[in-house]
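# Remarks on the overall topology
In case you want the letters, here they are:
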Amino acid sequence: MEFIPAGEIIGAAHQVRTVSIKYSPLLPDGEYKFVDTYCADPECDCRKTMIEVLHNRKLVSILNYGWESAAFYENWMGGSTEDDPMPKMHGASIDITSPNLVSADGILELFNALLDDVWIAKFKRHYHEVKAAMSRPC
Ligand SMILES: [Zn+2]
């Protein structure tokens, strides 16, 4: 599944969330950028964002955030079985491809602290804009 940054579709109007932190018990000081990316398959209804986290411009972590309920994803993926447990898609989790150059717990804590209705609404809007752009004929 290919993920593309929302900024590539939306252009200059797209704002990457940036925060500067200091004296965190878990994370090094500096500037953190959260670059939201979305699945480029217009047929796919995954309703999530994969977020690349840059610390001083270096990719340090990748996390997934799914804004729908756990029940939505369970239904969408056809449910989990004992042999084949479903990956956690509801809420925030560290992606298996994350380089984890900084504390994963620290990144999840920072992300969850920043997460608010405004940001969630932005994810949803970007998701729809990317899907709409991908379904337009070239
Ligand atoms: Zn998808």
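The structure this text deals with has already been given above.
First, a word on scope: everything that follows refers to the structure included in this document. Computed from a predicted structure; not experimentally measured.

Looking now at the overall build of the protein chain. Secondary structure assignment for the protein chain yields four helices and six strands. N-terminal to C-terminal, the α/β element order of the protein chain is β-α-β-β-β-β-α-β-α-α. Expected size for 138 residues packed as a compact globule is a radius of gyration near 14 Å; at 15 Å, the protein chain falls within 12% of this value. Taken along the three principal axes of its C-alpha coordinates, the protein chain extends 45 × 45 × 25 Å. Of all 138 residues assigned to the protein chain, the portion counted as buried reaches 22%. Within the protein chain, contacts between residues at least 6 apart in sequence are counted, and of these 58% link residues at least 24 apart.

Further remarks concern the environment of Pro-99. Within the secondary structure, Pro-99 is located in the loop between strand E6 (91-94) and helix H3 (104-114). When near neighbours in sequence (up to four residues on either side) are disregarded, Pro-99 contacts Leu-59, Val-60 and Ser-61.

Turning our eyes to something else, we now look at the nonpolar core. If you look at soluble globular proteins, the nonpolar side chains tend to sit buried side by side. Of all hydrophobic cores here, the largest spans 19 residues; its most connected members are Tyr-38, Ile-51, Val-53, Ile-107 and Leu-110. Of all the secondary structure elements, the ones that give two or more residues to this core are strand E3 (30-39), strand E4 (48-55), strand E5 (58-66), H3 and helix H4 (117-135). The element best represented in this core is E3, accounting for four residues.

Moving on: the environment of Thr-18. Mapped onto the fold, Thr-18 is located in strand E2 (residues 17-21). C-alpha of Thr-18 to C-alpha of Leu-110: the two residues are 92 residues apart in sequence and 12 Å apart in space. Non-local contacts of Thr-18, meaning those with residues more than four positions away in its chain, are made with Glu-31 and Lys-33.

Attention now moves to H3. Of the residues making up H3, those classed as buried are Ile-107, Leu-110 and Phe-111. When H3 is viewed along its axis, its buried side chains cluster within an angular range of 100 degrees and face the same direction. In H3, those exposed residues whose orientation departs by more than 90 degrees from the buried face are Asp-105, Asn-112 and Ala-113. Residues of H3 that are buried sit in contact with E3, E4, E5 and E6.

What counts, and where the lines are drawn
Residues numbered from 1 in each chain as written. Predicted model: local features only at pLDDT ≥ 70, side-chain atom pairs only at ≥ 80, totals over all residues. Helix = DSSP H or I, 4+ residues; strand = E, 2+ residues; numbered from the N terminus. Rg over C-alpha atoms; globule rule 2.2 N^0.38 Å. Buried ≥ 20, exposed ≤ 12 C-beta atoms within 10 Å, placed from the backbone. Contact = placed C-beta atoms within 7 Å. Core = buried A, V, L, I, M, F, W, Y, C linked by C-beta atoms within 7 Å. Arc of directions from axis to C-beta.

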